[in-house]
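Below, each chain spelled out in residue letters.
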Amino acid sequence: MADNRNYRIAQRNSAADIVEQDKAAKKDGARIQTPFIGPQTQQEAQKSANVKSPSLDDLINPTALNTNAKKPTTLVVDKATGRATSTEPGESVEEPVQQINNKDSDTDVNITGGFDSNQTSIPPEFLEKIVPKENPFKGFATMTYAVSLYMMGSKEYASMISTGVKTVKDLTLILQSGGISASPEGNHGARRSKFFDLDFYIDNIELKGLVSGTSVGSPHNQFQMNFTITEPNGLSFLERLHAMVQEYNVSNGVSEDRINYAAQNYLMVVRFYGYDKIGKQITGRDIGVNESLSDLSSISEKFIPFQFTGIQFALENDVVKYKCDAVCPQTQVPFGVANSTIPFNAELFGQSVSAVLTGKLSTDNQNISLVDALNSEQQRLVKTKKVEVAHKYVIEFEKGSGIGKADVITTGEFTDKDNVPMMVKNQQSLLSNKGFYDKNKKLFSFTAGQSIVQAIDMIIRTSTFISNQQDIEIDEVTGKVSKKEKSPAVLQWFKIRTQVVPLEYDNKRNDYAYEIKYIISRYQINNIRSPYFGPSYFRGTHKEYNYWFTGENTEVMDFRQEYNYLYYQTFGADIGIPKLQNNARELTKQVYQNSSSESTQGSKNRRNEGSANAASLLYSPSDQANASLQIVGDPDWMAQSEIFYSPDAVGVGLGPFMHDGSINYDASEVLFSVNYNTNVDYDLKTGIADVGNKNYGRNLGSGESGLSRMSLVYRANTITTNLSDGKFTQLLEGTLMQFPTKEQVSKEKVEKDKILNNLDNKNLLITEDGDTDELGADNRNYRIAQRNSAARRDLPTLRRSR
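Residues numbered from 1 in each chain as written. Predicted model: local features only at pLDDT ≥ 70, side-chain atom pairs only at ≥ 80, totals over all residues. Heavy atoms only, no water.

## Quick look at the overall build of the protein
Part 1 of the reasoning: Each helix and strand counted, the protein has 16 helices and 28 strands in total.
Part 2 of the reasoning: Taking all 802 residues of the protein together, the buried fraction comes to 55%.
Part 3 of the reasoning: Relative to all contacts within the protein whose residues are 6 or more apart in sequence, the contacts with residues 24 or more apart total 72%.
Part 4 of the reasoning: About 35,500 Å² of surface is accessible on the protein, with carbon and sulfur atoms providing 49% of the total. (Helix = DSSP H or I, 4+ residues; strand = E, 2+ residues; numbered from the N terminus. Buried < 20%, exposed > 50% of the residue type's maximum accessible area, 1.4 Å probe, protein only. Contact = heavy atoms within 4.5 Å. Areas by Shrake-Rupley, 256 points an atom, 1.4 Å probe, with all protein chains shown as cover.)

Encoded structure:
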């Protein structure tokens, strides 16, 4: 009877499980305008473009920034107490920094550059103020760029990715802006291909970076590009390209009739140059650039490996133009359909994330991990002669992150036999049908065709790495909701970084076999605004733009804001919903739904609802307010992390910027702000329209006189770089962030604590099954969950009585 009651209740609840909440956001077109002409002299250019590392004083007492939070609290760690404190004297953050003593396996990647995992689970980079970095060209009178294309062999590609050294020495040069020099010295050490003895030209370059979350609906980045190659006289580009690739591969032992130029790796290098007002060139050395450059006269260089995905050609005005589409192999190979799906049905189990994904930290030899299964399948394909060379799959964890050590086991007083594996002690037990349920392991089922990234995402979201950061804890077996003793002051999600290295050319694939590595690291979330997690703290923006009526606009060319009032956030019955505070006029609609749009697979009784709710907000393709900002080109927005630098390369860490000055898209959400004033009428006494004086009193940063009346903060989702006709522009598309003020955070915390403190009383009233109608609809859901769990507990007794 209890089984039937549970079944009927489950049937009634399942109708609310499937709800569409997402709507694709519209994208406005971009408008190209003339770039700015900045100041004046080489000395001024050096002063403006040089970026020094912030000192401790800069971090503790930074220049006041305009944000949409009145006084955003910046966290620093007191090493003596291990607690997080604000930057304002006499203030402290009530939530202590979570202390976890753990150490991942020795094979984990040391992304944090020596960070000691025994001290704290929150990296120090996540607790430091972000100081906005100016456009390196802001102090230059003018600038230009040059583009070169090279062919890379497998050895050159592997060496470049592993070392992170920017050099083109001995690479094969295909084409170059302004033509190819007759000597290697004029080509930065590269050799001109004999098959490209005539000059070709490249223009209309578009580089698009899709940042993890909204743009891709997953915790990884994606990069793609397109460009136009012009051949002045003839229709020979594809033939020349094929001949060059064929000669190279034949010399390396590849069968002549199996060569595929579309599988070859290529390299685009964009070099930027700057000049002062008298036309004197300013080099990277003049402004203190210390990264390795292939051209010492350049200011900045961007190395972009790519593979062709499509080429179209057409005759236009007596010239042939080839419109080329390409992708970055570092993100295409691991996430493309061909190599990123699980090709079989599989059941994996383990106690920790690492045990399920890699087999490490397993307590016995009966565990088969995801990596084991993928590599075994590749070896089977070689053995059955389906392919010649096997792919090699690797999964690693950031050292000190604790992600690999996080548990995925069922929590609760009773064993959930549906989600734990059936084990045998030895071969004799197998023959005699004697086995046992291993409650110390979790069972995961995957179907053929499921994405590897989806599997990794699901397993980590099921783990204690996420649930330990929630404000509440849900017992998976009983469904009981209880308040957590402590939760971290900083919300850390996870990022799946990738690195691919070509192994050998496979004549049956007509493509290279790769070592495909997934590196899982911590990723800071600025403000999730989920009722399951505490408020995050504003650290600052990566880039800041002064715009309308500020008198300081040198970069913004076009600004568009779009509001979508059909957007809403969901909440369930696990916790009462506090009134989420924000310092903007926009309030987000909230809708009750039994389950979030993201899957809660791998758990029962809403155990994973908190992580699913967070994922639905992070991966949503739309939001309430989105903006597009077209700016004069800034090389810092052109990604190098993951495209060129491997995750464990020197200078790649969890800080906001990388050692070459580019933004680090793999450490945290990237923020930019737009500041503007409103127009005012003329003063009848002075005859002056004093825009600043009339607006400064409304500065949202502090409530005192400041730089602007309004400052809006956005999370960057898509960055599109355009290099065309000598102009360098970029389009930033982002989501409006709503940070609460310090007073609002305190108010929200008091209200939320009251709700959390009532959880124990609520559970007590429910278990007594008394008259609880006055507690509302939420508690009726709790009563149903409690009745279900009570019925399950009675099942063993009923069976024994029969």
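## Observations concerning the pairing of strand E27 (residues 710-724)
Part 1 of the reasoning: Of all 15 residues making up E27, 13 are buried, and the element is well covered by its neighbours.
Part 2 of the reasoning: Pairing of strand E6 (residues 201-210) with E27, which is carried by 6 bridges, proceeds in the antiparallel orientation. Looking across to E27, one finds that Ile-205 is bridged to Leu-723.
Part 3 of the reasoning: In terms of strand pairing, E27 meets strand E28 (residues 727-736) through 10 bridges, oriented antiparallel. Note on E28: the bridge partner recorded for Thr-718 is Glu-733.
Part 4 of the reasoning: Where E27 folds back on E28, the antiparallel hairpin that results is connected by 2 residues, among which Asp-725 adopts a positive phi of roughly 55°. (Pairing = 2+ DSSP bridges.)

## Remarks on the pattern of salt bridges
Part 1 of the reasoning: Summed over all chains, the structure comprises 20 salt bridges.
Part 2 of the reasoning: We note a salt bridge from Arg-522 to Glu-398, for which the minimum N-O separation is 2.5 Å. Here Arg-522, found in strand E20 (residues 511-524), pairs with Glu-398, found in the loop between strand E13 (392-397) and strand E14 (422-423); they are 124 residues apart in sequence, far enough to count as distant. Accessibility assignment for this pair places Arg-522 and Glu-398 in one class, buried. (Salt bridge = Lys/Arg side-chain N within 4 Å of Asp/Glu carboxyl O.)

## Let's talk about a positive patch on the surface
Part 1 of the reasoning: Where like charges cluster on the molecular surface, the positive patch consists of Arg-258, Lys-385, Lys-386 and Lys-508.
Part 2 of the reasoning: Secondary-structure assignment places Arg-258 in the loop between helix H5 (237-251) and strand E8 (265-275). (Patch = residues over 30% accessible without salt bridge, like charges linked within 9 Å, V, L, I, M, F, W, Y side chains within 5 Å. Lys, Arg positive; Asp, Glu negative; His and termini not counted. Charge placed at Lys NZ, Arg CZ, Asp CG, Glu CD.)

## Some words on the confidence of the model for the protein
Part 1 of the reasoning: Taken over all residues, the pLDDT of the protein has a mean of 75, while the share at 70 or more is 69%.
Part 2 of the reasoning: Every residue in residues 1-107 scores below 50 in pLDDT, and together they form 225 contacts with partners more than four places removed in sequence or on other chains. (pLDDT = per-residue confidence, 0-100.)

## Some remarks on the environment of Pro-502
Part 1 of the reasoning: By the element assignment, Pro-502 lies in strand E19 (residues 492-506).
Part 2 of the reasoning: When the C-alpha atoms of Pro-502 and Gly-153 are compared, they prove to be 9.0 Å apart, with 349 residues separating the residues in sequence.

## Some points on the sheet that holds E20
Adjacent strands of a sheet form backbone hydrogen bonds with each other and so pair up, either parallel or antiparallel.
Part 1 of the reasoning: Strands sit in the order E13-E20-E19 across an open sheet of 3 strands; the sheet is mixed. Edge positions in the sheet fall to E13 and E19, since each has one partner strand and no second. Looking at each pair of strands side by side, their axes are set apart by 15° on average, direction ignored. (Axes fitted to C-alpha atoms, helices over the stretch in contact; angles between N-to-C directions.)

## What to know about the nonpolar core
Part 1 of the reasoning: Core analysis: the biggest nonpolar cluster contains 138 residues, and Phe-227, Met-268, Leu-370, Ile-456, Tyr-518 and Trp-637 have the highest contact counts within it.
Part 2 of the reasoning: It is helix H10 (residues 452-462) that provides the largest number of residues to this core, a total of 7 residues.
Part 3 of the reasoning: Grouped together as the second largest cluster of nonpolar side chains are 6 residues, Ile-122, Val-490, Leu-654 and Ala-667 included. (Core = buried A, V, L, I, M, F, W, Y, C linked by side-chain atoms within 4.5 Å.)

## Let's talk about the side chain of Asn-722
Part 1 of the reasoning: Along the chain, the position of Asn-722 falls in strand E27.
Part 2 of the reasoning: A relative accessible area of 19% means that Asn-722 is categorised as buried.
Part 3 of the reasoning: Residues in contact with Asn-722, not counting those within four places in the same chain, are Ile-205, Glu-206, Lys-727, Phe-728 and Thr-729.

## So, unusual backbone geometry
Part 1 of the reasoning: Even without a glycine there, the phi angle at Lys-385 is positive, about 65°.
Part 2 of the reasoning: Judged by its relative accessible area of 62%, Lys-385 is exposed.
Part 3 of the reasoning: In this structure, Glu-642 takes a positive phi of about 75° despite not being glycine.
Part 4 of the reasoning: Within the secondary structure, Glu-642 is located in the loop between strand E25 (625-632) and strand E26 (671-676).

## Here we look at the packing of aromatic side chains
Part 1 of the reasoning: Evaluated as defined, the whole model comprises 23 aromatic pairs.
Part 2 of the reasoning: With a centroid separation of 6.0 Å and 80° between ring planes, the pair formed by Tyr-547 and Phe-559 is classed as edge-to-face. Pair noted here: Tyr-547 is in the loop between strand E21 (543-546) and strand E22 (556-563) and Phe-559 is in strand E22, with a separation of 12 residues, a long-range link.
Part 3 of the reasoning: Between Trp-637 and Phe-672, the ring centres sit 6.1 Å apart and the planes meet at 85°, which makes this aromatic pair edge-to-face. Taken together, the positions of Trp-637 in the loop between E25 and E26 and Phe-672 in strand E26 put the pair 35 residues apart, joining distant regions of the chain. One exposure class covers both Trp-637 and Phe-672, and it is buried.
Part 4 of the reasoning: By the ring-pair criterion, three or more aromatic residues cluster together here, those being Phe-196, Phe-200, Phe-237, Phe-313 and Tyr-322. (Phe/Tyr/Trp six-rings, centres within 6.5 Å; stacked < 30°, edge-to-face > 60°.)

## Observations concerning helix H4 (residues 154-163)
Part 1 of the reasoning: Among all positions in H4, only Ser-154, Tyr-157, Ala-158, Met-160 and Ile-161 are buried. All buried residues of H4 project into a common sector of 165° when viewed along the axis, lining one side.
Part 2 of the reasoning: Positive phi appears at Gly-164, one or two residues downstream of H4, with a value of about 70°. (Arc of directions from axis to C-beta.)

## With respect to the side chain of Ser-451
Part 1 of the reasoning: Tracing the sequence through the fold places Ser-451 in the loop between strand E16 (442-446) and H10.
Part 2 of the reasoning: A polar contact is formed between the side chain of Ser-451 and the backbone nitrogen of Val-453, at a distance of 3.2 Å. (Polar contact = N/O pair within 3.5 Å; in protein donor to acceptor, adjacent residues only side chain to side chain.)

## A few points about the pairing of E19
Part 1 of the reasoning: Among the 15 residues in E19, 13 count as buried, and that is most of the element.
Part 2 of the reasoning: In this structure, E19 lies alongside E20, joined through 13 bridges in antiparallel fashion. Within E20, the position partnered with Val-501 by the bridge is Glu-515.
Part 3 of the reasoning: The hairpin formed by E19 and E20 contains 4 residues between the paired strands, and Asn-510 there has a positive phi angle of roughly 60°.

## As for H10
Part 1 of the reasoning: Where burial is concerned, most of H10 is hidden: 10 out of the 11 residues are buried.
Part 2 of the reasoning: The distance from a side-chain oxygen at the start of H10 to the backbone nitrogen of Val-453 is 3.2 Å, and the residue carrying that oxygen is Ser-451.

## Structural notes on the environment of Ile-719
Part 1 of the reasoning: In this structure, Ile-719 sits in strand E27.
Part 2 of the reasoning: The class of Ile-719 is buried, set by a relative accessible area of 4%.
Part 3 of the reasoning: Each C-alpha atom of the pair Ile-719 and Trp-637 lies 7.2 Å from the other, and the pair is 82 residues apart in sequence.
Part 4 of the reasoning: Among all residues touching Ile-719, those that are not within four sequence positions of it are Leu-207, Lys-208, Gly-209, Val-211, Trp-637, Tyr-665, Leu-731 and Leu-732.

## Some points on the environment of Glu-239
Part 1 of the reasoning: Considering the arrangement of structural elements, one finds Glu-239 in helix H5.
Part 2 of the reasoning: As for Glu-239 and Phe-195, which are separated by 44 residues in sequence, their C-alpha atoms are 9.1 Å apart.

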